[in-house]
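This is what each chain is made of:
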Amino acid sequence: MGKTSIDKGWAPSASATVKVAVGSALHYSGLLDLRDRVRSAVGRSSPQILAFHDIREEDDPHFNLTLPPRLFRQLMEHLGREYRVLPLQEILNGRSRSPRQIAVTFDDNYRSYYTTVFPIVRQLGIPITIFVSVDPLETKIPLFVDALLLAVAGRQVEGIDLESWGLGVLPLGTEPARHAAVARINRTSKALPRTARAQLLQDVCSRLGVSPAELGFSVLSWDEVREMQRGGVVFGAHTVSHPYLPEIPVEEARVEIVEAKKMLEAGLGTAVDYFACPFGSLGTYDENLVRMAREAGYRAFFTLEGQEGRPDGFKFSRINISTGNLTADGNRMSPALFAMRTARLRSFRTLPSRECSDAGLSVEHGVKATKKLRVLYIMESLCKFAGTEKHLYQLATGLSARGHECRVVAFKTTPQVLATYRAAGVDVVDFPLVRIYGLKAMARFRDLVGLIRGYRPDLVQTFHFMPDTFGVWAAKSAGVRCIVSSRRDMGDLKRTRHILLNRVANPVIKGFISVCDRTKEGLCRREKIHNTKIKTIYNGIDLQTYDEVTEAREEIRTRLGFNPLDFVVGMACVFRAEKDVPCFLRAIAQIRSRVHRLKILLVGDGDMMSAVEAIVQQSGMAGVTTMPGYVHDVRPYIQAMDVACLTPRDNEGLSNVILEEMAMGKPLVVTDVGGNSELVQDGYSGYVVAPGDHSRLGERLYALWADEELRAQFGKAGRKRVEELFTLDRMLTETESFYETMVG
């Protein structure tokens with residue numbers, strides 16, 4: 001192929017030049033060697049294991065884990081002169097951890113291992129281990145991300161319709177658009193079962209007019225693997241189909257780990273002792289995967305990167321090597337930079353060229369896409385698609401679309417909400433956590449620290465009490481410099497011990513996001529945080545999604561059992577004590593005899609569900625009340641309402657459902673708690689009454705029943721207010737700006 005991209009005007013950036021100078025000074029002065037020897041002497045060093053991917057010349061900027069053959073040969077020759085290169089088995093079994101002992105490994109099924117790597121290492125006498133997945137050997141189809149990149153590269157099409165996969169129509173007309181499309185398809189594929197992932201690739205290739213089998217020129221065959229094995233190459237398992245193991249069902253992950261060993265042993269005729277986790281940096285897996293590998297009979301479990309420390313004798317991190325951390329000029333391998341890389345110093349993991357750094361590009365396992373910040377959200381619960389769960393979904397998907405790399409860790413989840421996030425391309429790590437104290441909590445704390453270290457976020461943002469304490473300290477222990485907390489309500493329900501734990505953790509938090517000014521005031525008063533550390537960023541919504549309710553209003557009302565002449569008063573919320581649904585029902589009972597054809601629509605569920613049902617029955621309003629329970633999409637139910645209410649007595653933040661109701665042009669009556677009065681302007685877009693005042697609430701509802709024109713006026717005013725102040729684009733822009741200030 002032609003010249004590599006680094007040959008075409010490659011020049012180090014200013015930061016890269018500084019790194020080169022620092023690395024050279026430490027290396028050639030002997031200080032780095034002394035540091036490594038001291039760590040080895042006291043047993044603090046891990047085995048030095050290098051990990052490589054494709055070795056080839058490549059112009060396509062997608063393939064950012066490649067290393068040109070000339071640099072690979074230079075490095076191998078350097079290892080032969082300066083290091084003792086050991087087989088993987090020997091370096092794992094060695095009692096000493098000399099920094100001059102090193103092992104060489106490769107991941108995936110690239111054919112360059114046979115055509116380029118094998119001749120070089122055989123000539124130089126360097127032992128290597130290659131971790132392969134089984135499916136490409138059997139099907140001759142590359143691993144998903146590589147096949148995807150090959151399928152998309154060079155296609156002259158404007159876009160690809162993947163609506164059936166929940167991805168919509170992805171543009172492909174420009175290089176940045178292709179980068180973004182590949183990244184999104186790849187993220188979605190990670191959580192899919194093996195057969196579904198294969199079908200997604202087939203659909204992509206079909207729409208692009210290429211067969212997956214046509215891409216097989218780039219992968220190893222069984223014959224080539226066996227020939228390399230006869231030449232001394234050791235092979236390890238890299239699963240059957242290269243899925244993202246933390247995202248697939250546990251039993252499917254077990255099959256991927258166990259069957260890979262069996263199938264490779266059958267094909268090679270020898271034992272397969274080692275397993276490497278796909279997409280694997282320490283912290284992106286959980287101990288279940290390690291246990292599965294032990295039970296399958298593997299002798300070691302490998303990841304990429306991770307924090308150096310005392311190995312446990314079974315799981316080991318490796319040092320990923322690519323062009324960006326090996327060369328200072330694009331042509332010659334730098335011994336100093338390589339020494340700094342093997343020292344596992346974070347600043348020397350990647351040495352970007354000016355071309356890359358100016359473009360804001362970063363790595364996602366073979367995908368180079370426009371990225372700005374790597375953000376990790378730690379969330380207490382993803383169990384219902386409402387409130388904070390929906391807000392976080394909008395935040396993560398919106399910022400991802402703007403080029404940021406977003407991932408979510410959740411302590412409690414449901415499959416339905418996980419599927420919603422993952423279908424949108426948001427990586428979610430299900431991290432079960434019940435308590436933040438006790439021996440089990442200590443073990444989970446260690447796991448969370450490892451997970452965060454593996455992801456290496458620029459910024460961590462926490463939501464709710466457990467993440468605001470347990471999650472904050474884990475992020476701090478993982479070395480995260482910028483931790484942000486999002487405060488979503490008034491904190492009225494917090495107990496004294498919760499407030500004290502928050503106050504202890506708050507100094508570690510660099511900045512706070514409050515959803516409304518009322519919440520900001522309460523945060524200052526209750527947790528003694530100075531207001532300069534708090535930024536109010538109102539929730540925002542995508543107005544277009546509220547203009548797309550396909551079912552007509554009268555059809556919805558008919559489906560719910562309402563007559564076109566009925567006056568429907570509705571409330572959508574989680575039925576908890578602080579929402580004070582009984583106050584709403586008392587107000588309705590007060591005006592029921594005066595309002596003709598009055599109907600009640602209560603949407604939601606929660607702890608107070610049975611109590612609400614009892615009040616409805618006892619008050620004789622069961623015949624006029626519809627309670628559909630929890631719904632994933634509340635829009636049709638809002639459409640059915642004539643007036644919407646929300647009547648909390650305390651602890652409210654900035655209600656998403658009020659925003660949704662305003663966006664759909666509904667007049668509102670709300671209580672003056674939290675940010676409700678910052679959303680609804682009393683007498684302009686609705687009415688605001690004191691909490692618990694059911695008499696005033698009833699009067700306001702009666703006034704709206706009696707004046708259809710006033711209802712329309714309030715509805716239009718509310719919609720206009722959302723358009724001016726509460727759009728999703730505004731929320732994302734303000735959040736971006738806040739992040740940049742915090743990280744900068």
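Residues numbered from 1 in each chain as written. Predicted model: local features only at pLDDT ≥ 70, side-chain atom pairs only at ≥ 80, totals over all residues. Heavy atoms only, no water.

A.B. asks: Would you mind going over the overall build of the chain with me for this structure?
C.D. replies: Looking only at helices and strands, the chain has 29 helices and 25 strands in total. Each of the 744 residues in the chain was classed as buried or not, and the buried ones make up 57%. Within the chain, residue pairs in contact and separated by at least 24 positions form 72% of the contacts whose partners lie at least 6 positions apart. With the model as given, the accessible surface of the chain reaches about 29,700 Å², and the carbon-plus-sulfur share is 51%. (Helix = DSSP H or I, 4+ residues; strand = E, 2+ residues; numbered from the N terminus. Buried < 20%, exposed > 50% of the residue type's maximum accessible area, 1.4 Å probe, protein only. Contact = heavy atoms within 4.5 Å. Areas by Shrake-Rupley, 256 points an atom, 1.4 Å probe, with all protein chains shown as cover.)

A.B. asks: Teacher, can you tell me more about the environment of Glu389 here?
C.D. replies: As for its placement among the helices and strands, Glu389 is situated in helix H15 (residues 387-401). The buried category is assigned to Glu389, whose relative accessible area is 14%. Between the C-alpha atom of Glu389 and that of Tyr421, which follows or precedes it by 32 residues, the distance is 9.6 Å. Apart from the residues lying within four places of it in its own chain, the contact partners of Glu389 are Met379, Ser381, Leu382, Cys383, Lys384 and Tyr421.

A.B. asks: In this structure, what is going on with the environment of Phe217? I would like to understand it.
C.D. replies: Note that Phe217 resides in the loop between helix H9 (194-208) and helix H10 (222-230). Classification of Phe217 as exposed rests on a relative accessible area of 56%. Considered as a pair, Phe217 and Arg111 are 106 residues apart in the sequence and their alpha carbons are 7.7 Å apart. When sequence neighbours within four positions are dropped, the list of residues in contact with Phe217 reads Arg111 and Leu150.

A.B. asks: Whenever I open this one, the sheet that holds strand E17 (residues 483-487) confuses me. Can you help?
C.D. replies: The strands that make up a sheet are held in pairs by hydrogen bonds between backbone atoms, and each pair lies either parallel or antiparallel. An order of E15-E14-E13-E16-E17-E18-E19 is seen for the 7 strands of this open sheet, with the pairing classed as parallel. Both outer strands of the open sheet, strand E15 (427-430) and strand E19 (534-536), are each paired with one neighbouring strand and no more. Averaged over all neighbouring strand pairs, the angle between strand axes comes to 25 degrees, with direction disregarded. The pairing of strand E18 (residues 511-514) with E19 spans 3 bridges and is classified as parallel. Among the inter-strand pairings, Phe512 is bridged to a residue of E19, identified as Ile534. Strands E17, E18 and E19 of the sheet are contacted by helix H20 (residues 517-527), whose axis makes an angle of about 160 degrees with E19. (Pairing = 2+ DSSP bridges. Axes fitted to C-alpha atoms, helices over the stretch in contact; angles between N-to-C directions.)

A.B. asks: Any chance you could explain the confidence of the model for the chain here in plain terms?
C.D. replies: Predicted coordinates in regions of low pLDDT should not be interpreted in detail. Averaged over every residue, the pLDDT of the chain is 83; residues scoring 70 or more account for 85%. Per-residue pLDDT stays below 50 along residues 1-17; that stretch engages in 39 contacts with residues further than four places along the chain or on separate chains. Within the model, the stretch residues 346-371 combines pLDDT values under 50 with 92 contacts to residues more than four positions away or in other chains. (pLDDT = per-residue confidence, 0-100.)

A.B. asks: Help me understand the packing of helix H18 (residues 465-477) against helix H19 (residues 496-505), please; the structure alone is not making it clear to me.
C.D. replies: When two helices pack together, their arrangement is captured by the angle between the axes and the distance separating the axes. At a minimum axis distance of 10 Å, the contact between H18 and H19 shows a crossing angle of 40 degrees. Relative to H19, the crossing made by H18 is left-handed. Between H18 and H19, the contacting residues are Phe465, Asp468, Thr469, Val472 and Trp473 on the first element and His498, Leu501, Asn502, Val504 and Ala505 on the second. (Left-handed = near helix turned anticlockwise from the far one by under 90°.)

A.B. asks: When you look at helix H16 (residues 415-423) in this model, what are you seeing that I'm missing?
C.D. replies: Within an α-helix, residues lying three or four positions from one another point in the same direction, as the helix has 3.6 residues per turn. For H16, the set of buried residues is Val417, Leu418, Thr420, Tyr421 and Arg422. Trailing H16 by a residue or two, Gly425 shows a phi angle of about 85 degrees, which is positive.

A.B. asks: Looking at this structure, I do not really get unusual backbone geometry. What am I missing?
C.D. replies: With glycine set apart, most residues show a phi of negative sign, and most peptide bonds adopt trans. In this model, His464 sits at a positive phi of 80 degrees, which is unusual for a non-glycine residue. Counting through the fold element by element, His464 comes out in the loop between strand E16 (459-463) and H18. His464 gets classed as partly exposed once you look at its relative accessible area, which sits at 26%. Residues other than glycine seldom take positive phi values, yet Asp580 does so here, at roughly 50 degrees. Looking at the element boundaries, Asp580 is found in the loop between strand E20 (567-572) and helix H22 (581-591).

A.B. asks: Looking at this structure, I do not really get the pairing of strand E21 (residues 598-603). What am I missing?
C.D. replies: Within a regular strand, the side chains alternate between the two sheet faces. In terms of burial, E21 is a largely internal element, 6 of the 6 residues being buried. Burial of E21 is two-sided: the residues Leu598, Ile600 and Leu602 facing one way and the residues Lys599, Leu601 and Val603 facing the other way are all buried. When E20 meets E21, the two strands line up parallel, connected through 6 bridges. Paired with Met571 across the bridge in E21 is Leu602. Crossover connection from E20 via H22 to parallel E21: handedness right-handed. Bridging between E21 and strand E22 (residues 625-629) involves 3 bridges; their strand directions are parallel. In the strand pairing of E22, Ile600 is matched with Thr625. Between the parallel pair E21 and E22, the chain is carried across by helix H23 (residues 609-618), and the sense of this crossover is right-handed. (Right-handed = clockwise from strand over helix to strand, strands pointing away.)

A.B. asks: I'm lost on the pattern of salt bridges in this one. Help?
C.D. replies: Here the idea is simple: oppositely charged side chains can pair when their charged atoms come close. Taken as a whole, this structure holds 35 salt bridges when the rule is applied. For the salt bridge of Arg553 with Asp642, the shortest nitrogen-to-oxygen distance reads 2.6 Å. Of the two residues, Arg553 is situated in helix H21 (residues 553-559) and Asp642 in the loop between helix H24 (635-640) and strand E23 (643-646); the sequence distance between them amounts to 89 residues. Here Arg553 falls in the partly exposed class, since its relative accessible area comes to 25%. A relative accessible area of 12% places Asp642 in the buried class. Note that Glu699 and Arg696 form a salt bridge whose closest N and O atoms lie 3.4 Å from each other. Of this pair, Glu699 and Arg696 both sit in helix H27 (residues 694-706), 3 residues apart, which is roughly one turn of the helix. (Salt bridge = Lys/Arg side-chain N within 4 Å of Asp/Glu carboxyl O.)

A.B. asks: Would you take a moment to explain the side chain of Thr536 for this structure?
C.D. replies: Within the secondary structure, Thr536 sits in strand E19. Using a relative accessible area of 15% as the deciding quantity, one classes Thr536 as buried. At 3.0 Å, the side chain of Thr536 and the side chain of Asp517 are in polar contact. If we ignore the near neighbours within four places in the chain, the residues touching Thr536 are Ser514, Val515, Cys516, Asp517, Lys520 and Glu734. (Polar contact = N/O pair within 3.5 Å; in protein donor to acceptor, adjacent residues only side chain to side chain.)

A.B. asks: Even after reading the chapter, I still don't get the sheet that holds E22, so can you show me in this structure?
C.D. replies: Spatially, E22-E21-E20-E23-E24-E25 is the arrangement adopted by the 6 strands of the open sheet, whose pairing is parallel. Each edge of the open sheet carries a strand with a single partner, namely E22 and strand E25 (686-689). Pairs of neighbouring strands in the sheet enclose a mean axial angle of 20 degrees, with direction left out of account. Docked against the sheet, H22 engages E20, E21 and E23, running at close to 170 degrees with respect to E21.

A.B. asks: What is the right way to look at the packing of H22 against H27 in this model?
C.D. replies: Put simply, H22 and H27 touch, their axes get as near as 8 Å, and they point 55 degrees apart. For the element pair H22 / H27, the angle class is oblique. With respect to the hand of their crossing, H22 and H27 are arranged in right-handed fashion. Taken together, the residues of H27 that come into contact with H22 (itself represented by Cys583, Phe584, Arg586, Ala587, Ile588, Gln590 and Ile591) are His694, Ser695, Leu697, Gly698, Glu699, Leu701 and Tyr702. Its residues placed into classes, the contact of H22 with H27 shows 8 nonpolar, 4 polar and 2 charged. (Parallel < 35°, antiparallel > 145°, perpendicular 65-115°, else oblique. Nonpolar A, V, L, I, M, F, W, Y, C, P; charged D, E, K, R; others polar.)

A.B. asks: Would you explain the packing of aromatic side chains in this entry?
C.D. replies: Think of a pair of aromatic rings as described by two things: how far the centres are apart, and how the planes are tilted against each other in angle. Following the criterion strictly, the structure yields 19 aromatic pairs and no others. Their ring planes at 50 degrees and their centres at 5.4 Å tell us that Phe275 and Tyr298 sit as a pair that is tilted. Residue Phe275 is found in strand E8 (residues 274-281), and its partner Tyr298 is found in the loop between helix H12 (287-296) and strand E9 (300-304); the two are separated by 23 residues along the sequence. Relative accessible area serves as the criterion here: at 0%, Phe275 is assigned to the buried category. Their ring planes at 80 degrees and their centres at 5.2 Å tell us that Tyr687 and Phe714 sit as a pair that is edge-to-face. Residue Tyr687 is located in strand E25, and its partner Phe714 is located in helix H28 (residues 708-725); the two are separated by 27 residues in the primary sequence. Positioned over the ring face of Tyr298 is Lys261, at 5.1 Å from the centre of the ring. In this structure, Arg294 is placed above the aromatic ring of Phe314, and the distance from its NZ or CZ to the ring centre is 4.2 Å. (Phe/Tyr/Trp six-rings, centres within 6.5 Å; stacked < 30°, edge-to-face > 60°. Lys NZ or Arg CZ within 6 Å of the ring centre and 35° of its normal.)

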